[in-house]
Amino acid sequence: MKILQVINSLETAGAEKLILDTIPLYVKEGIEMDILLLWDNDFPFTNALRKLNCCNIYILKKSENRKDVYNPSAVLGIKKILSNYDIAHLHVFPSQYFAVFANLLNGEKTKLILTEHNTSNSRIKNRVFKPIERFVYDKYDKVICITDEIKDIYQNYLGLPNKLVTINNGVDIKKINTSQAYTKSDLGYAEDEKLLIMVARFEDQKDQDTLIKSLVHLPTQYKLLLVGTGKRRKELEDLVSKLNLLERVNFLGQRMDVYKLIKSADFVVLSSHFEGLSLSSVEGLSSGKPFIASDVPGLTEIVKDAGILFKRGDEKQLANIILSFENDKEFYDSIVVKCLERASKYDISKMVNKYIELYHSILPN
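Residues numbered from 1 in each chain as written. Predicted model: local features only at pLDDT ≥ 70, side-chain atom pairs only at ≥ 80, totals over all residues. Heavy atoms only, no water.

(A) Region of interest: the overall build of the chain. Counting its regular elements, the chain contains 16 helices and 13 strands. For 365 residues, the compact-globule estimate of 2.2 N^0.38 gives 21 Å, and the chain sits close to it at 21 Å. Here the C-alpha coordinates of the chain stretch approximately 65 × 45 × 40 Å along the principal axes. For the chain, the residues scored as buried account for 55% of the 365 residues in total. In the chain, of all internal contacts separated by at least 6 residues, the share reaching a separation of at least 24 is 71%. With an accessible surface of roughly 16200 Å², the chain has 48% of that area assigned to carbon and sulfur atoms. (Helix = DSSP H or I, 4+ residues; strand = E, 2+ residues; numbered from the N terminus. Rg over C-alpha atoms; globule rule 2.2 N^0.38 Å. Buried < 20%, exposed > 50% of the residue type's maximum accessible area, 1.4 Å probe, protein only. Contact = heavy atoms within 4.5 Å. Areas by Shrake-Rupley, 256 points an atom, 1.4 Å probe, with all protein chains shown as cover.)

Written out as structure tokens, the structure reads:
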């Protein structure tokens, strides 16, 4: 069985991190698996996967221009590589469209599956896309939804009888548990300072703004680490400057030591407008620290009754939640225990086993 993972790039994001973490596990289980990237700019995830030397990495275009990923000429590049594989596993737009047309040019020789990672996107919101969405999704043998909520959304949106399957995303909980935290002095902070951390792209879907604003309502010993890259970084830096928080917010960029960083913080926060099953949320639940998240689709069902939810955009409520842990170690520890119990449901090994079963089900011979 030969499987090709296809994604736009291995730039920083949850689906990309999932591929980096899982390909070695599939190979260990005897699955021959490679990856095709539409675009790359020597991203750390790409280089990390290359160092593992466990798969072939095909790159259609090396460029500094992210917009190159939308060039439809990629269909011909995908067509050439796709014909050598039994299954292609797609993840995001536009590669999920391009692969369908590439496979049509190959006479639909390759089985296609798609993982839907989010509860919302611009295409769902625009009726103009619905006919082509129906055509494209009909060409997939299976559409994997990472939560039941996403499955319900696509059932209502496109129908897709007998194609929709729920497989939750997972993280390497053992690797998180065994990661060694930095001391606060390692990170340039005093031991009595409180560290908040959020790991997320600087994109419209995310809401670092609310977390930044919450610092205004917190004592000055509370400091914020923001991990990630993206188009909104300058906008967020301007917000930090406007609020006179330059000494309290640290933009760390893309990091390969996320597990060590989240274990070094006092609180892990994910402020967002919507999610799928965010890997950052499961990592936060696994961190051994209280996990606090926006009460929005894709986070509510994962975090409710384990971590703590706050109303989207309500920086005062977020600050009050953080302050509620002050001088209450029993409360702090109780939330940590609940978070760890919830995280155990999303171990990466469970996810990999379910995908292997799925691969075999669509290639029974």
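(B) Geometry of the nonpolar core. Counting residues in each nonpolar core, the largest one holds 125 residues, and the members touching the most others are Tyr-26, Ile-35, Leu-196, Ile-197, Leu-226 and Ile-292. Ranked by residue count, the leading element in this core is helix 16 (residues 348-362), at eight residues. With sequence-adjacent residues up to four places away left out, Ile-35 is seen in contact with Leu-4, Gln-5, Ile-7, Leu-10, Ile-19, Ile-23, Leu-49, Cys-55, Asn-56, Ile-57 and Tyr-58. (Core = buried A, V, L, I, M, F, W, Y, C linked by side-chain atoms within 4.5 Å.)

(C) Representation of a nonpolar patch on the surface within the structure. Taken together, Phe-101, Leu-104, Ile-132 and Phe-135 make up a surface patch of nonpolar side chains, about 290 Å² in accessible area. Looking at the nonpolar patch, the elements with two or more residues in it are helix 4 (95-105) and helix 6 (130-138). (Patch = residues over 30% accessible without salt bridge, like charges linked within 9 Å, V, L, I, M, F, W, Y side chains within 5 Å. Salt bridge = Lys/Arg side-chain N within 4 Å of Asp/Glu carboxyl O.)

(D) Examining the packing of helix 1 (residues 14-28) against helix 16 more closely. Their axes nearest at 11 Å, the elements helix 1 and helix 16 cross at an angle of 65°. As summarised for this structure, helix 1 and helix 16 are arranged roughly perpendicular, according to the angle between their axes. Two packed elements cross with a definite hand, and for helix 1 against helix 16 that hand is right-handed. Across from Leu-18, Asp-21, Thr-22, Leu-25 and Tyr-26 in helix 1, the residues of helix 16 making contact are Ile-348, Met-351, Val-352, Tyr-355, Ile-356 and Tyr-359. A per-class count over the contact of helix 1 with helix 16 returns nine nonpolar, one polar and one charged. (Axes fitted to C-alpha atoms, helices over the stretch in contact; angles between N-to-C directions. Parallel < 35°, antiparallel > 145°, perpendicular 65-115°, else oblique. Left-handed = near helix turned anticlockwise from the far one by under 90°. Nonpolar A, V, L, I, M, F, W, Y, C, P; charged D, E, K, R; others polar.)

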